[in-house]
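Now for the letters of each chain:
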Amino acid sequence: MNKHVSPKMNRRAFVIGTAAVGTGLAIGLDLPFGGPAVVRAADGSPEVNAWVVIRPDDTVVIRIARSEMGQGSLTGLAQLVAEELECDWSKVTTEYPTPGQSVARKRVWGDFSTGGSRGIRSSQDYVRKGGATARVMLIQAAADEWKVPASECTVAKGVITHKASGKTTTYGRVAEAAAKLTPPTEVKLKDPKDWTIVGKGLLRLDTADKTTGTMVYGIDIKLPGMLNAAIKDCPVFGGKVKSFDEAKITGMKGVKKVVKVGDSAVAVVADTWWQAKTALEALPIVWDEGDNAKVSSETIAKWLAEGLDDAQPAYVGNKNGDVKAAIASAAKKVEAVYNYPYQNHATMEPMNATALYTTDKCEVWCGTQNGEAAFAAVLEASGLPAEKCDVHKVMLGGGFGRRGMTDYVRQAVAIAKQMPGTPIKLLWSREEDMTHGKYHPITQCKMTGAFDADNNLVALHYRLSGQSILFSVRPDALQNGMDPAAFQGVAQSGEAALGYSVPNLLVEHSMRNPHVPPGFWRGVNVNHNAIYMECFMDELAHAAGQDPLEFRRKLMGKNPKHLAVLNAVAEKIGWTTPAPQGVYRGIAQVMGYGSYVAGAAEISVTDGSKIKVLRIVASTDPGYVVNPAQVERQIAGSFVYGLSALFYGGCTVKDGRIEQTNFDTFNSMRINEMPKVESVMVPSGGFWGGVGEPTIGVAAPAVLNAYFAATGKRIRSVPLRDQNISFA
Amino acid sequence: MANLTINGKTFTLDVEPDTPLLWAIRENAGLTGTKYGCGIAQCGACTVHMDGVATRSCGISVAEAEGKKITTIEGLASGSTLHKVQQAWIAKDVPQCGYCQSGMIMAVAALLNEKPKPTDADIDEAITNICRCGTFQQVREAIHTIASA
C-alpha cells in the first residue's frame, strides 16, 4: 500500500472527490517513510519521517492526521506510533499537520477523515509502520556512528545501546543523521502480546489545557484585526433570502457590514459577536420559503408509513429463504411498527470557523472531523487553488458526525471573501445550530416475525422506511440507488452484520428522503436499526414465552463473537439470578463499525412513567483495545448520548422548519440521571473495530426492554417525552 | 462602559450594560476559557463564580455583574498551583472534548467550597451542567477523590 501509482494530480477531481467522499480520493496515496532530503518541522527539528519528528532534547513529536474531538484518538494514535518507535512515552507530544501540507506532499499523512469510528482502525497499520520505520532508521544512525552492525544495537525508551562496547546514545542525538537515511522498505510490526504502551490506559495527552481554559477551540480563535459574524440561514431548508433591510441596523454599535451568504443566508459582521448577533436579530429579512414550508412531522410520518407497505418498492439489504411464504404458513405471527425521529448532534460548541481571504490566499481555522473535506470546501468557496489555501485544525468542542460536514466552513469563506484582508470569525448561535443541523435521519420500521408450532422463529421480515444519509451527502456511494449504510447492524456480512440466523429473512429499505438534511450522527443507522431489531427480539422472545437472552442465544450459534459479548454482559449483570425487588432488566446486542457490543440495564419504574436507570453493563469486542481507559469512556459516553436522545431528543418539523431551538426543548441528560456504566472489554484479536459509536446501538433497547419487563408496556416511538415518560 | 472585577483585576470595558457577562468576559476582557453553549442558562458551559457563587454568565448582564467579584476558569488556580479540582481533573482524566469542562470545574469548585464532602445526592443536585460527551462518571469519581483527600 505504500506506493500507489499516482495519476497526475487533477485538482478538480481532488476537490470533488474530497468534498463528496472524504475517503478514497481521486489522487494517489503516497506514504514515504523518510528519505535522503531532510524535511524539517517548523522549529527546525528533523523529521525522521512524516509521522515522527525528534527534537534535540529527545522530545518526540508525533504527527496526528485524524481529529481529536474528545474520543481520545489523538492519544491512541500516538500510543500506536510510540509502541513501534520504542520511545519514552513521557517525552511524547503531538501536532496536527495541515491538509494543505499533506496534499502538497502527495497525501503523506493519508486520510484525515475522523468519522465512522475509523480514527484508529483505518490508520493503525500505517502509523505503526511509521513508528517502526523511524525506529529502524534511528538505530541505524547510531550504529553508523559507532561503526557497528545495527543488529547489535538495542533500544528502550529512546535510548540506544550497543552492549558489547557499552556505548549509549539517545534518539535526540541521532535524529539528524537518521533523517538522512534511506528508509527500510519492509518493517516488522510487534506482536500484540509484546505491546507495552498500546493496551494500557495511559492518561490522555490533551487534558491539562482543558482544565485551565487554555485549550483553543474554533470559537476561541483570535487573529489581529479580526471581526465577528453572526448568521441566519433560511429557517426552511431549501428556502432562499428574498430581501433584507440593511438600513434598519446600520449605525448599530459595532456593526461593520451586512452580507448575503450564498442564496439562503444573511450574516452581520461586527466588532464583537454579541454585537453581530444583536444586530442580526434586529435585521428584517424576508424569506422565500418555497414548497418545503408545507412539510411537517405529520406529513413526513404519513409518507414514511406508506413505505412500510409491501406494495411499495424497496431495496433489499439482506435476504435468505422465502420470508413471505414462511410467514403465510407460520403457526404464529408477531408484528410491530417502530419509529425513530430526527436528532440534532448538539455539540457543546456550536458550529464556527474563522476565515482570512486575500486575493492570493485563503486560510481557515476551525474544528473539523475531516481536515481534507474542509480544505476542499475552502478551495471551492474561495475559488483559489490548493497551494494558496490551507486549514488549521483546532480542538473540537464535540463532533459526533456534525463536524464532518463543511457547511459552516463554506459560509465563513463566503463572508471573508466579501471582506478581503479581514479575518472573520463566524459563529452560529445555539438556535442556528439546532435549526440547521444535519440530522440523524428519520425512519420507521415494520417488523414481522413468524414461529412454527414449537415456537421456533422461522421468519423475520424487517422493513425500513425513511431517509438515506448517503442519498444526501454521498450520492456517489449509492449502489444502483440503494444506500448500503441503511442496513448497518442488520446487514448480511461486513462490519455491521446481523448476529441472528433466521431461515427466512428479508431486510429491506423503502427510501424516502424528506427535505430535512440528514447527516452522520453518533452510530446513526446502527442506532435505530439496533433499537428496532433488539426491541423486536424482546417482543418475539415474550411471544414465544422464552427468556430474551436464551431466545437470542438460540439464534446466534453461527455468530460466536456477537454471542460472546452478549454472554459477557449477561454474566456481569447477573441475568440468571433474579433482580432485586422492583428492579427490572433489559438486554441488547449489535455489531457496528467492525466491533461487537452488548448492553444491559437495570431500571425501576414509578407510576408507570418515571424511570430510574440504576445500573448499566456494557461489553465490547473491538478486536484490539489501544487504550482501555478511553474505550471505557467511549462506552459510557455512548450511553449518555443514546439515552439523552431516547428520553429528551427528537427534532420535529413544522412549516418546513425544525421546532426545537435550544437545550430547553432539546434537552440532554445530567449527572443525576446517569448511573455508572460497568464496561467489560473482551478484545478477541485478529481484527480492528471501532469504539466511539457501536455501543450507542444498545443503549436505548436495553432500557426499553427493561421498561417492558417492569410495566408490560412496549414503547415503539422515540423520544419518551412524547409518551409522558421521563427520568424519575 | 462597565467596570468589572475579573480574577482580581479591574477591567474597564466598552460594552452596553445589557451585554451578557459571558460575552464581556470572552470578547471584551479576552478570557476565552469561559464557553458559550446555549445563551439561555441551560447548559452551564459559561459557569463562573460571582462572589463565590457558581453563576451562568450568559444569563447575567454586565450591569448586574458590576461591583461583584468574578472568577473565571483562568483565575481558579493560585499562581502556578492548580486548584484541587483542576488537579483531580488531570489525575482522573475527566475531560473528553473538554468544551463543557471550564463550566463543570467552576460548578464543582463552588460545590466543594460549600460542601467539602458532598454526597452523591449533593452532587446530583448541584452539578446540572450538560456534557454531551458523557463524562459524568469521571466527574463524580473525581469529586469523591477530592472529598476523601
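What counts and how
Residues numbered from 1 in each chain as written. Chains lettered and ligands numbered in written order. Predicted model: local features only at pLDDT ≥ 70, side-chain atom pairs only at ≥ 80, totals over all residues. Heavy atoms only, no water. Helix = DSSP H or I, 4+ residues; strand = E, 2+ residues; numbered from the N terminus. Rg over C-alpha atoms; globule rule 2.2 N^0.38 Å. Contact = heavy atoms within 4.5 Å. Areas by Shrake-Rupley, 256 points an atom, 1.4 Å probe, with all protein chains shown as cover. Lys, Arg positive; Asp, Glu negative; His and termini not counted. Charge placed at Lys NZ, Arg CZ, Asp CG, Glu CD. Buried < 20%, exposed > 50% of the residue type's maximum accessible area, 1.4 Å probe, protein only. Buried area = accessible area lost by both parts, 1.4 Å probe. Salt bridge = Lys/Arg side-chain N within 4 Å of Asp/Glu carboxyl O. Polar contact = N/O pair within 3.5 Å; in protein donor to acceptor, adjacent residues only side chain to side chain. Phe/Tyr/Trp six-rings, centres within 6.5 Å; stacked < 30°, edge-to-face > 60°. Lys NZ or Arg CZ within 6 Å of the ring centre and 35° of its normal. Core = buried A, V, L, I, M, F, W, Y, C linked by side-chain atoms within 4.5 Å. Domains from an automatic or database assignment. Nonpolar A, V, L, I, M, F, W, Y, C, P; charged D, E, K, R; others polar. 1 Å grid on protein atoms, 1.4 Å probe; cavity = no way out; pocket = protein on both sides within 12 Å on 5 of 7 lines; lining within 4 Å. Points joined across faces, edges and corners; volume = space filled by probe spheres on them. Pairing = 2+ DSSP bridges. Axes fitted to C-alpha atoms, helices over the stretch in contact; angles between N-to-C directions.

1. Digging into the overall build of chain A
The number of helices and strands found in chain A is 18 helices and 28 strands. In terms of C-alpha radius of gyration, chain A reaches 27 Å, essentially the compact-globule figure of 27 Å for 728 residues. Structurally, chain A occupies a C-alpha span of about 80 × 75 × 50 Å along its principal axes. By sequence separation, contacts in chain A at least 24 residues apart represent 77% of the contacts at least 6 residues apart. Accessible area of chain A: about 25,300 Å², with a carbon and sulfur share of 52%. Taken together, the 79 basic and 72 acidic charged side chains of chain A have centroids lying 2 Å from each other.

2. Quick word on the overall build of chain B
Per the secondary structure count, chain B includes six helices and five strands. Shown N-terminal to C-terminal, the secondary structure of chain B runs as helices and strands in the order β-β-α-β-β-α-β-α-α-α-α. C-alpha atoms of chain B, sized along the principal axes, occupy 45 × 30 × 25 Å. Buried residues in chain B amount to 59% of all 149 residues. Across chain B, the fraction of contacts at a sequence separation of at least 24, relative to all contacts at a separation of at least 6, is 55%.

3. Thoughts on the interface of chain A and chain B
Every contact between the two is made by 61 residues of chain A and, on the other side, 54 residues of chain B. The contact between chain A and chain B buries some 4,600 Å² in all, and 56% of this surface belongs to carbon and sulfur atoms. Among the residues chain A hides against chain B, the three largest losses belong to M348(A), R633(A) and I671(A). Together they make up 18% of the total. Our count for the contact surface shared by chain A and chain B stands at five salt bridges. The closest approach of N and O atoms between D14(B) and K253(A), which form a salt bridge, is 2.8 Å.

4. Describing the side chain of D93(B)
Position of D93(B) relative to the elements: it lies in the loop between helix 3 (84–91) and helix 4 (101–114). The side chain of D93(B) is buried and forms no salt bridge, while R204(A), the nearest opposite charge, is found at 4.9 Å. Separated by 2.7 Å, the side chain of D93(B) and the backbone nitrogen of R204(A) make a polar contact. When residues no more than four places from it in sequence are discounted, the contact partners of D93(B) are L202(A), L203(A), R204(A), T207(A), Q630(A), R633(A) and Q138(B).

5. Some remarks on the packing of aromatic side chains
Two aromatic rings, taken as a pair, are described by how far apart their centres are and by the angle between their planes. According to the stated counting rule, one finds 18 aromatic pairs over all chains in the structure shown. With 4.8 Å between their ring centres and 45° between their planes, W521(A) and Y641(A) make a pair best called tilted. One end of the pair, W521(A), is in the loop between strand 21 (504–511) and helix 14 (524–543); the other, Y641(A), is in helix 17 (residues 628–647), with 120 residues separating them in the sequence. Just as W521(A) is buried, Y641(A) falls in that class too. By the ring-pair criterion, three or more aromatic residues cluster together here, those being W273(A), W274(A), W23(B) and Y36(B). One residue, R522(A), lies across the ring of Y641(A), its end atom 5.9 Å from the ring centre. Taking the ring centre of F708(A) as reference, the NZ or CZ of R714(A) above it sits at 3.5 Å.

6. Considering the nonpolar core
Generally speaking, soluble globular proteins have nonpolar side chains that are buried together. Counting residues in each nonpolar core, the largest one holds 173 residues, and the members touching the most others are F639(A) and W89(B). At 11 residues, the largest contribution of residues to this core is made by helix 14 of chain A. Residue contacts for W89(B): discarding those within four places in its chain leaves T207(A), T211(A), V94(B), P95(B), Q101(B), M104(B), I105(B), V108(B), V139(B), A142(B) and I143(B). The next biggest cluster of nonpolar side chains, apart from the first, holds 48 residues, and it includes I54(A), A142(A), Y171(A) and V198(A).

7. Quick word on the domain arrangement of chain B
All names here are of chain B. Per the domain assignment, the segments of chain B are domain 1 (2–75) and domain 2 (84–147). Between the C-alpha centres of domain 1 and domain 2 the distance comes to 21 Å. Of the roughly 1,100 Å² buried between domain 1 and domain 2 on both sides combined, carbon and sulfur atoms contribute 59%. Going through the elements one at a time, strand 3 (47–50) and strand 4 (53–56) are the ones with two or more residues in the side of domain 1 that touches domain 2. Looking at which element gives the most residues to the side of domain 1 that touches domain 2, the answer is strand 3, with three residues. By residue class, the composition of the side of domain 1 that touches domain 2 is six nonpolar, eight polar and two charged.

8. Looking at unusual backbone geometry
Residue and element names in this part refer to chain A. The residue after V718, namely P719, is reached through a cis peptide bond having omega 5°. As for its position among the elements, P719 is in the loop between helix 18 (696–711) and strand 28 (726–727). Although it is not a glycine, D58 adopts a positive phi angle of roughly 75°. Looking at where D58 falls in the secondary structure, it is placed in the loop between strand 2 (52–54) and strand 3 (60–63).

9. Let's talk about empty space enclosed by the protein
Residue and element names in this part refer to chain A. Summed over the entire model, instances satisfying the criterion amount to three cavities of 30 Å³ or more. When its volume is computed, the largest cavity comes out at roughly 60 Å³. Along the walls of the largest cavity sit 13 residues, with W51, A65, L77, S123 and V127 positioned nearest its centre. Split by residue class, the lining of the largest cavity holds nine nonpolar, one polar and three charged. What lines the second largest cavity is Y338, N339, I531, Y532, L704, I715, R716, S717 and V718. For the lining of the second largest cavity, the secondary-structure elements that each account for two or more residues are strand 14 (332–340) and helix 14. Here the residues of the lining of the second largest cavity sort into six nonpolar, two polar and one charged.

10. Considerations on the domain arrangement of chain A
Residues and elements named next belong to chain A. Assigned domains of chain A: these are domain 1 (11–205), domain 2 (218–290 + 351–427) and domain 3 (297–343 + 439–727). Between domain 1 and domain 3, the C-alpha centre-to-centre distance is 39 Å. Carbon and sulfur atoms make up 54% of the surface buried where domain 1 meets domain 3, a total of about 1,600 Å² over both sides. Along the contact surface separating domain 1 from domain 3 lie one salt bridge. For the salt bridge of R121 with E495, the shortest nitrogen-to-oxygen distance reads 2.9 Å. Inspection of the domain 1/domain 3 interface yields nine residue pairs in polar contact (both at pLDDT 80 or more). No other element matches helix 2 (residues 73–85), which puts four residues into the side of domain 1 that touches domain 3.

11. Here we look at the layout of surface pockets
Residues and elements named next belong to chain A. If you add up the space inside the second largest pocket, you get close to 480 Å³. Lining the second largest pocket we find 19 residues, and of these T94, Y96, M215, K393 and M395 sit closest to its centre. Mapped by element, the contributors of at least two residues to the lining of the second largest pocket are strand 4 (92–95), helix 6 (208–212) and strand 17 (389–393). The element contributing the most residues to the lining of the second largest pocket is strand 4, with three residues. Considered class by class, the residues forming the lining of the second largest pocket number 10 nonpolar, five polar and four charged. Each of domain 1 (11–205) and domain 2 (218–290 + 351–427) contributes no fewer than three residues to the lining of the second largest pocket.

12. Comments concerning the sheet that holds strand 19 (residues 443–451) of chain A
Residues and elements named next belong to chain A. Taken together, five strands build an open sheet; the order of strands is 13-21-20-19-14 and the sheet is mixed. The outermost strands of the open sheet, each flanked by one partner alone, are strand 13 (315–320) and strand 14. Strand-to-strand twist across the sheet, computed as the mean angle between neighbouring axes with direction ignored, equals 10°. Pairing of strand 20 (residues 457–466) with strand 21, which is carried by eight bridges, proceeds in the parallel orientation. Within strand 21, the residue paired with Y462 across the bridge is V507.

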